[in-house]
Amino acid sequence: MNTRFRHLLLVTLHLLLISSAGHSQEPPSGQDTFHNPLLPTGPDPWVTSHNGFYYYMNTTGRDLTIWKTRDITDLAHAEKKIVWTPPAEGPYSHDIWAPELHFLDGKWYIYFAADGGGNASHRIYVLENKAEDPLDGTWVFKGKVADKTDKWAIDASVFEDRNKKYLVWSGWAGESDGEQRIYIAHLKNPWSIDSPRVVLSYPKYSWEQVGDLLDRPEIPHVNVNEGPEILRHGDDIFLVYSASGC
């Protein structure tokens with residue numbers, strides 16, 4: 001699958017809510033406005049907050065870069081740092097996709113997808129950092145995060161509920177491309193799955209099956225569920241995802 005060029009949708013929606021909350025219909029000054037796009041490019045955006053700062057990541061394809069800012073609307077001028085560069089060869093050396101930064105058990109973790117030079121080898125990997133600030137300290141490669149099937153996997157996200165951690169991701173049921181499903185599994189710790197994977201969704205509706213890939217004659221059509229993200233409201237847990245091609 002080609003690198004996912006999802007726009008800065010989640011960030012934009014979040015910022016629209018921030019900019020509109022608590023304001024009248026006539027914002028009093030220029031400081032209450034911002035300009036889109038926030039960055040000239042930003043596939044697979046992810047943002048989290050910690051100790052008064054926003055930390056942002058997106059797919060660069062070649063490394064893991066973190067942006068740090070107190071003002072999420074000013075990403076263009078945010079401090080940024082490449083915190084990890086993949087090796088030149090090996091199973092996680094190419095196509096570094098969809099990084100997510102999470103603070104779990106007092107440490108920072110980055111989940112990302114990578115392959116060894118061919119899409120079929122894409123799997124999920126994780127790094128750990130004990131520093132208070134993810135731009136400081138040392139990022140340690142913890143390894144691959146996979147269930148026992150160890151099938152193709154991308155777009156990992158983590159959430160906690162009732163003191164338990166879960167991983168959600170997009171993956172193949174078998175060994176070949178053609179359909180992507182959303183899976184969930186329990187995490188023993190931030191880098192280890194200790195349960196079977198369970199299917200949460202697959203492309204069964206007509207609006208999920210509009211997946212023509214005109215630039216890939218070898219696989220001209222795929223049905224896709226990918227990019228799962230957790231949204232919470234009170235006691236309710238929602239999962240949103242992208243469907244119909246990529």
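Residues numbered from 1 in each chain as written. Predicted model: local features only at pLDDT ≥ 70, side-chain atom pairs only at ≥ 80, totals over all residues. Heavy atoms only, no water.

Q: Describe the side chain of Gln180, listing the residues and the values that go with them.
A: Mapped onto the fold, Gln180 is located in strand 11 (residues 179-189). Separated by 2.9 Å, the side chains of Gln180 and Ser170 make a polar contact. (Helix = DSSP H or I, 4+ residues; strand = E, 2+ residues; numbered from the N terminus. Polar contact = N/O pair within 3.5 Å; in protein donor to acceptor, adjacent residues only side chain to side chain.)

Q: So, the pattern of salt bridges: which residues are in play, and what are the values?
A: Summed over all chains, the structure comprises 13 salt bridges. For the salt bridge of Lys165 with Glu160, the shortest nitrogen-to-oxygen distance reads 3.6 Å. You can call Glu160 partly exposed: its relative accessible area is 35%. When the shortest N-O distance is used, the salt bridge between Arg181 and Glu179 registers 2.6 Å. Residue classification places Arg181 among the partly exposed positions, given a relative accessible area of 24%. (Salt bridge = Lys/Arg side-chain N within 4 Å of Asp/Glu carboxyl O. Buried < 20%, exposed > 50% of the residue type's maximum accessible area, 1.4 Å probe, protein only.)

Q: An account of the sheet that holds strand 5 (residues 94-104) is requested, with residue identities and associated values reported.
A: Read across the open sheet, the four strands follow the order 5-6-7-8; overall the sheet is antiparallel. Each having just a single partner strand, strand 5 and strand 8 (140-144) make up the two edges of the open sheet. Taking each pair of neighbouring strands and ignoring which way they run, the sheet shows an average axis angle of 25°. (Pairing = 2+ DSSP bridges. Axes fitted to C-alpha atoms, helices over the stretch in contact; angles between N-to-C directions.)

Q: Run through a nonpolar patch on the surface, naming residues and quoting values.
A: A surface patch of nonpolar side chains, about 250 Å² in accessible area, is lined by Leu231, Phe238 and Val240. One can find Val240 in strand 15 (residues 236-243). In this structure Val240 comes out as partly exposed when scored by relative accessible area, which is 33%. (Patch = residues over 30% accessible without salt bridge, like charges linked within 9 Å, V, L, I, M, F, W, Y side chains within 5 Å. Areas by Shrake-Rupley, 256 points an atom, 1.4 Å probe, with all protein chains shown as cover.)

Q: Requested: an account of the sheet that holds strand 4 (residues 79-84), with residues and values cited.
A: Spatially, the four strands line up as an open sheet ordered 1-2-3-4, and their pairing is antiparallel. Because the sheet does not close on itself, it has two edges, and the strands there are strand 1 (46-50) and strand 4. Along the sheet, successive strands turn relative to each other by an average axial angle of 25°, direction set aside. In this structure, strand 2 (residues 53-57) lies alongside strand 3 (residues 64-69), joined through three bridges in antiparallel fashion. In the strand pairing of strand 3, Tyr54 is matched with Thr69.

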